[in-house]
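Notes for the structure review
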Amino acid sequence: MQVDLHMHTGYSADAAYPQTVEDKVRACRAAGLDIIGITDHLDFYRTRGPAENRDAEACLRDARAAKDAAEGIEVLVGIEIGQIHADPAADDFVRGHELDMVIGSLHAMPNDLDIYFHDYEHLDCDAFLQEYFDQVLQMEAHGGFDVLAHIDYPLRVMKHGDYVPSFDQYMDRVEQVLRACIDHGYALELNAAGLAGWQKRVGPPQNILYEYRRMGGERISIGSDSHTLDTVGRGVRDCAANALDAGFTTVTVFRGRRPEQVPLTK
Ligand SMILES: [Zn+2]
Ligand SMILES: [Zn+2]
């Protein structure tokens, strides 16, 4: 089964626009994908209202319609919630909608600034990463989601000057994150967005995937994190290859928020 369980349409504020859900499903079918998750952004913050989605209600309505109309491909109705632990409105939103899958992401720090927009040349990167792990752990403890997204997001964006970010010096913190992931039953996401960045590879780093497996991790998710029509399915085969290499034989698909194991294929 070729799966891509993380992608954005024009409803996401940072995605190519216009880009309808219908367009996206058509592109996925053309790309040979079997199961897809439509997972547009909806981010929550401490000091302001939710953002990053042009119309969250219409977004889920369109995804639902695409699921019902889909032929030759399975469409899952999902959402990528940023900072589900930052605002009780996030839980209300998730509870108030019929969803197949919820991706839990940490995009913004407690100052409500996206990790992407921090000025790494002028801040203490070690302290930043410690706080990042604290936040991921808080989010995991809070719960309310199914897939733990791109835990290596800071690695994509922190590189500057001679500083090359790595989690290798933070494996004790990474292990805490993986332990909580396993204990709560989240699927650890293999996310292909890093292919387009300086790392030129999918995440998380393979040693982290080995560690997750060694610790007893059984659930993984796979997603391109596509924000344009021409990138659907990009990197999902690399993700599958990494997962197989680490000993996983299945990918976890959430249907109606219930996990089901689907065979992994290269
Ligand atoms: Zn994300
Ligand atoms: Zn995303």
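Here's what I pulled together on the structure shown here. Since the structure is predicted, the reported quantities are computational estimates derived from the model, not experimental observations. (Residues numbered from 1 in each chain as written. Chains lettered and ligands numbered in written order. Predicted model: local features only at pLDDT ≥ 70, side-chain atom pairs only at ≥ 80, totals over all residues. Heavy atoms only, no water.)

According to the stated counting rule, one finds eight aromatic pairs in the structure shown. Pairing Y116 with F117 gives two aromatic rings, centres 5.0 Å apart and planes at 85°, and the pair type is edge-to-face. Classification of Y116 by relative accessible area gives exposed; the value is 51%. Summarising the aromatic geometry, the rings of Y132 and F133 are spaced 5.5 Å apart at their centres and angled 65° between planes, so their arrangement reads as edge-to-face. One exposure class covers both Y132 and F133, and it is buried. The rings of Y132, F133, F167 and Y170 are connected pair by pair, giving a single aromatic cluster. Between K159 and the ring centre of W198, over which it is positioned, the NZ or CZ distance is 5.6 Å. (Phe/Tyr/Trp six-rings, centres within 6.5 Å; stacked < 30°, edge-to-face > 60°. Buried < 20%, exposed > 50% of the residue type's maximum accessible area, 1.4 Å probe, protein only. Lys NZ or Arg CZ within 6 Å of the ring centre and 35° of its normal.)

Moving on, we get to the pairing of strand β6 (residues 187-191). Where a strand is regular, its side chains alternate between the two sheet faces. Most of β6 is tucked away: five of the five residues are buried. Residues of β6 alternate between two faces, with A187, E189 and N191 on one and L188 and L190 on the opposite face, all of them buried. In this sheet, β6 lies alongside strand β5 (residues 147-148) in parallel orientation, the contact comprising two bridges. When the bridges of β6 are listed, L148 appears paired with L188. (Helix = DSSP H or I, 4+ residues; strand = E, 2+ residues; numbered from the N terminus. Pairing = 2+ DSSP bridges.)

When a metal carries six donors in an octahedron, the ideal angles between them are 90 or 180 degrees, while four donors in a tetrahedron ideally lie at 109.5 degrees. Protein-derived ligands of the zinc ion (ligand 2) are H6 (NE2), H8 (NE2), E80 (OE) and D225 (OD), with the metal-ligand distances lying across 2.1 to 2.2 Å. Relative to the metal, the four donor atoms surrounding the zinc ion (ligand 2) lie at angles of 82 to 169°, and the coordination shape comes out irregular. Counting along the primary sequence, the residues that act as donors to the zinc ion (ligand 2) give the motif H-x1-H-x71-E-x144-D. A spacing of 3.5 Å is found between the zinc ion (ligand 2) and the zinc ion (ligand 1), which share E80 as a donor. Separated by 219 residues along the polypeptide, H6 in the loop between β1 (3-4) and α1 (21-30) and D225 in the loop between β7 (220-223) and α8 (236-245) bring together distant segments of the chain. Assigned by exposure class, H6 and D225 land together as buried. (Donors = N, O, S within 2.8 Å, 3.2 Å for Na, K, Ca; no water. Tetrahedral: all angles 85-135°; square planar, octahedral: opposite > 155°, others 65-115°.)

If you look at the biggest cluster of nonpolar residues, it comprises 86 residues, and the most contacted ones within it are I36, I81, I115, Y132, L148 and I222. With seven residues, helix α4 (residues 125-142) is the single largest residue contributor to this core. Once you skip the residues sitting within four places of it in the chain, I222 turns out to touch V3, D4, L5, H6, L190, V236, C239, A240, V251 and L264. (Core = buried A, V, L, I, M, F, W, Y, C linked by side-chain atoms within 4.5 Å. Contact = heavy atoms within 4.5 Å.)

A word on the coordination of the zinc ion (ligand 1). Within the protein, the atoms that donate to the zinc ion (ligand 1) are E80 (OE), H107 (NE2) and H150 (NE2), at distances of 2.0 to 2.2 Å. Counting residues between consecutive donors of the zinc ion (ligand 1) along the chain gives the motif E-x26-H-x42-H.

What follows deals with the state of the cysteines. One pass over the full model with this rule turns up zero disulfides. Distance from the sulfur of C59, which forms no disulfide, to the nearest cysteine sulfur (C28) is 14 Å. Taking the relative accessible area as the measure of exposure, C59 reaches 2% and is therefore buried. In this structure C239 is a free cysteine whose sulfur lies 14 Å from that of C28, the closest cysteine sulfur available. (Disulfide = S-S within 2.5 Å.)

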